[in-house]
Amino acid sequence: MQEQEKKKYYITTAIAYASAKPHIGNTYEVVLADAVARYKRYQGYDVFFQTGTDEHGIKIENAAKNQCIEPQRYVDEVAGTIRRIWDLMNTSYDKFIRTTDEYHVEQVQKIFKKFYDQGDIYKSEYEGMYCTPCETFLTASQLKDGKCPDCGREVSPAKEEAYFFRMSKYADRLMRHIEEHPEFIQPVSRKNEMVNNFLKPGLQDLCVSRTSFKWGVPVSFDSRHVVYVWVDALSNYITGLGYNADGESGELYKKFWPADLHLIGKDILRFHTIYWPIFLMALGEPLPKQIFGHPWLNREGEKMSKSKGNVIYADDLVRLFGVDAVRYFVLHEMPFDNDGSITWGMVTERVNGELANVLGNLVNRTVAMSNKYFDGILQNTGVTEPVDAEIAEAVKTLKAKVDQSMEDLRVADALTEIFTLFRRLNKYIDETAPWVLARAEETKPRLATVLYNLADAILAGASLLHSFMPETAEKIAAQFHGKLRGYEECDLLGGIPNGTKVTDQPEILFARIDYEKQILPEEEKIKQAQMAEVAKPQEDKLPDISIDDFAKIDMRVGTVVACEAVKKSKLLHETIRIGAGKTISVLSGIAKYYTPEEMVGKKVIVVVNLPPRTMKGMLSEGMVVCAGDGDKVVIVSPEKDVPDGTKLS
RNA sequence: CGCGGGGUGGAGAAGUCGGUAUCUCGUCGGGCUCAUAAUCCGAAGAUCGCAGGUUCGAGUCCUGCCCCCGCAACCA
């Protein structure tokens, strides 16, 4: 970079929805952004890193109602939790914006008005399914079994007055922008998805206001409406910098907008690559330079969910492994465009195999030898061997490699490169065999240089590591009583002054962890606690019925005599014997939980007096009684053997 | 034929413009003893989902098929 003025770099994460405590998958995004932000600062950029919380919407309104508190109090609490976790992860954000902040609300109102005045927003009617008790509109995709996902009750079609944004007006311009800026949507594989699925078929106008709930930014010229999520949430990227829709924007805005990078989850890529640019076009503001939709961190292929007791939270991880171990894990373990995976066992393996064995042990043995052979004094005597050049070369090329990886946002690769240096240094120790050099007086000068080189190269590596694991890098520097190096000199050796004394009390950077003893019991505890929390009593008890109502249900014991999976569905097709020579055909949505083989021979309970129904072209004449909900389903069987056809009462 | 993503040694991944298949973990054998039962070296192990095709040559390009994962539908 030239000596001129520092280049600016504005990076944001998506703002976190303040309805619940974020799990490690959500936390990953901020850590990733933090690593990028820190590295850019290290390279000399003037960085502004913004994150925050999205605090409006019906979900929050309802959650607050359930706790009998004001929505504002509710979001204050959750936003506090979120910010505490971001801080716990040692993220270096410059600004934490909340969509309930006054300046934000004011600007959102102005932006909305401006769109309306320009004719980009018009009033119409929103049609959809409506759940009356919850007072919520639901899209087809939100419905669960055709019913309300929250209360499970019937929904009915309804209309609501709403404002819409005329997306079509800007679609061509956006399409052109995307084609002309191949780097705009990252990873590129997602670009086609957006273009083919949303732009090419023609953009639908977007509903941007609601009257069905109150907890949102009021529309200034129509008090029955509140601004619906996207205009509100996306605007944070400019309001946080002091954007002013009808006047002079603040200095920060002038300096930092447009954003260099919006780092978001792949699920909301559509909103950031289509709606957000169009809003900006409508405002006459420049578009962000790049939007990166990162993959998800899953739990061994499954989604995290409390009812499975497999949600992993950042604070639990930090308690058991330490901040930098968690940062290392999420940054290193995430592939570039596939979803990543996390388990307690995997984190343990990484901590032991890489942080303790490769890095921690390297620092430890280097410090220990310096103390043992030279009372901790580092001295470059100039006695070199050809192998030293290889180390110098490794240090020199490391910077370029990390630069390139970070440029491509391949943060995991950058970390791998740094650890490749540490592995190389472990090898260097074996190649030079300091303990052999220590045996004779005449090889002592060589020994001194070897230890000096080691310390020197470790410091260089630690300097580059700082963006990813700040605490660890500083701890390493402290052990050598040295300083982390600036970007300009981190690829050069010889930076340690001769005579520097290393610590005589080496600290273990990462202790090895015994999974069975230290982690497993904790993991179990956490799991139990989550499942207990989810097991809700009373609450969703159905209305009372009479004994007569119950008597109307004809349930029989049956035996599955044949069973096959129905192709391309979640269905199993069972043939069930419900009496001598009498069988019925039943379809059940349990293919995810049982294989056809294990179903055959099972005793089940069948409801036999339901009207037959056709699914996937096959007839179902009854229903197998199961226990459970969407996440876990088990078949109910009689506790002792009874003949098929036995009635339940 | 719903949309999208993916199938590479036991596990997880890399593989840019087609040219000897790479890394980490694990396994086995060996070395070393400074170090956190750490470290270093070596070996075994992949017909790169299957079948065709283009090519002097394909994990990499084309066609068809199979399987897995999200989302949608179905889930009496």
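Residues numbered from 1 in each chain as written. Chains lettered and ligands numbered in written order. Predicted model: local features only at pLDDT ≥ 70, side-chain atom pairs only at ≥ 80, totals over all residues. Heavy atoms only, no water.

**Q** Break down the side chain of T91 for me, citing the residues and quoting the values.
**A** Relative to the elements of secondary structure, T91 occurs in the loop between α3 (71-88) and β4 (95-98). Polar contacts involving the side chain of T91 include one to the main-chain carbonyl oxygen of W86, which spans 2.7 Å. Excluding anything up to four places from it in sequence, T91 contacts V30, V31, D34, W86 and R327. (Helix = DSSP H or I, 4+ residues; strand = E, 2+ residues; numbered from the N terminus. Polar contact = N/O pair within 3.5 Å; in protein donor to acceptor, adjacent residues only side chain to side chain. Contact = heavy atoms within 4.5 Å.)

**Q** Which residues make up the sheet that holds strand β19 (residues 603-607), and what values go with them?
**A** Read across the open sheet, the five strands follow the order β18-β17-β16-β19-β22; overall the sheet is antiparallel. This sheet does not close on itself; its edge strands, each paired only once, are β18 (583-588) and β22 (623-624). Two elements, strand β16 (residues 555-565) and strand β17 (residues 572-577), share six bridges in a ladder whose sense is antiparallel. When the sheet's bridge partners are listed, V560 is paired in β17 with I576. (Pairing = 2+ DSSP bridges.)

**Q** Account for the protein's contact with RNA strand B, with residues named and values stated.
**A** Taken together, 42 residues lie near RNA strand B, and N361, R365, G589, R613 and M615 sit nearest. For RNA strand B, the backbone makes up 68% of the atoms found within 4 Å of the protein, where backbone means sugar plus phosphate. At a separation of 3.1 Å, a sugar or linking oxygen of RNA strand B approaches a polar side-chain atom of N364. Taking R365, its side chain carries an N or O atom lying 2.6 Å from a base nitrogen of RNA strand B. Elements with a contribution of two residues or more to the surface near RNA strand B: α6 (189-199), α13 (344-374), α15 (411-432), β18 and β20 (613-615). A per-element tally of the surface near RNA strand B places α13 first, with 12 residues. A breakdown of the residues in the surface near RNA strand B according to their chemical character gives 15 nonpolar, 12 polar and 15 charged. (Near = heavy atom within 4 Å. Nonpolar A, V, L, I, M, F, W, Y, C, P; charged D, E, K, R; others polar.)

**Q** How would you summarise unusual backbone geometry if you had to cite specific residues and measurements?
**A** Residue P258 is bonded to the preceding W257 through a cis peptide linkage, with omega at 5 degrees. Of note, P258 is situated in the loop between α9 (251-256) and β12 (261-265). One non-glycine residue with positive phi stands out, namely C68, at about 55 degrees. Assignment of secondary structure puts C68 in the loop between α2 (58-66) and α3. Located in the positive-phi region is D375, a residue other than glycine, with phi close to 50 degrees. Overall, D375 belongs to the exposed group, its relative accessible area being 59%. (Buried < 20%, exposed > 50% of the residue type's maximum accessible area, 1.4 Å probe, protein only.)

**Q** Residue-level account of the pattern of salt bridges, with values.
**A** Counted under the stated rule, the structure contains 36 salt bridges. One network of salt bridges, with partners in common, ties together K123, E161, D222 and R224. (Salt bridge = Lys/Arg side-chain N within 4 Å of Asp/Glu carboxyl O.)

**Q** Break down the pairing of strand β1 (residues 8-13) for me, with residues and values.
**A** Counting buried residues along β1, six of its six residues qualify, which places the element largely inside the surrounding structure. Side chains K8, Y10 and T12 project from β1 onto one buried face, and the interleaved Y9, I11 and T13 project onto a second face that is buried too. As judged from the five bridges shared by β1 and strand β3 (residues 46-54), these two strands associate in the parallel manner. Residue pairing across strands places Y10 opposite F48, the latter belonging to β3. As paired strands, β1 and β12 are joined by three bridges and run parallel to one another. When the bridges of β12 are listed, I11 appears paired with L261.

**Q** Explain the packing of aromatic side chains to me, using residue names and the numbers behind them.
**A** In total, this model carries 28 aromatic pairs according to the counting rule given. Centroid distance F48 to F256: 5.3 Å. Interplanar angle 35 degrees. Geometry classified as tilted. Of the two residues, F48 is situated in strand β3 and F256 in helix α9; the sequence distance between them amounts to 208 residues. Residues F48 and F256 agree in their burial class; the two are buried. With a centroid separation of 5.8 Å and 85 degrees between ring planes, the pair formed by Y163 and F221 is classed as edge-to-face. Residue Y163 is found in strand β7 (residues 156-165), and its partner F221 is found in the loop between β10 (209-210) and β11 (226-227); the two are separated by 58 residues along the sequence. Judged by relative accessible area, which is 28%, F221 ranks as partly exposed. Of note, K21 hangs over the ring of Y313, and the distance from its end group to the ring centre comes to 4.4 Å. (Phe/Tyr/Trp six-rings, centres within 6.5 Å; stacked < 30°, edge-to-face > 60°. Lys NZ or Arg CZ within 6 Å of the ring centre and 35° of its normal.)

**Q** Outline the packing of helix α12 (residues 323-333) against α15, listing residues and values.
**A** Across the interface, α12 lies against α15 with an axial gap of 7 Å and an inter-helix angle of 115 degrees. Here α15 runs roughly perpendicular to α12, going by the angle between their axes. For the pair α12 and α15, the contacting residues are Y328, L331 and H332 in the first and V411, A412, L415, T416 and F419 in the second. By residue class, the composition of the contact of α12 with α15 is six nonpolar, two polar and no charged. (Axes fitted to C-alpha atoms, helices over the stretch in contact; angles between N-to-C directions. Parallel < 35°, antiparallel > 145°, perpendicular 65-115°, else oblique.)

**Q** How would you summarise helix α17 (residues 444-465) if you had to cite specific residues and measurements?
**A** Along its 22 residues, α17 runs 31 Å from first to last C-alpha, staying within 8% of the 32 Å computed at 1.5 Å per residue. Burial within α17 is extensive, with 21 of its 22 residues counted as buried. (Expected span 1.5 Å × (residues − 1).)

**Q** A description of the nonpolar core should follow, citing residues and the corresponding values.
**A** Counting 107 residues, the largest nonpolar core has F321 and F468 as its most contacted members. At 13 residues, the largest contribution of residues to this core is made by α17. Each residue touching F321, except ones within four places of it in the same chain, is listed here: V326, W344, V347, T348, V351, I513 and I519. Counting residues in each nonpolar core, the second largest holds 52 residues, with I121, F184, A245 and Y275 among its members. (Core = buried A, V, L, I, M, F, W, Y, C linked by side-chain atoms within 4.5 Å.)

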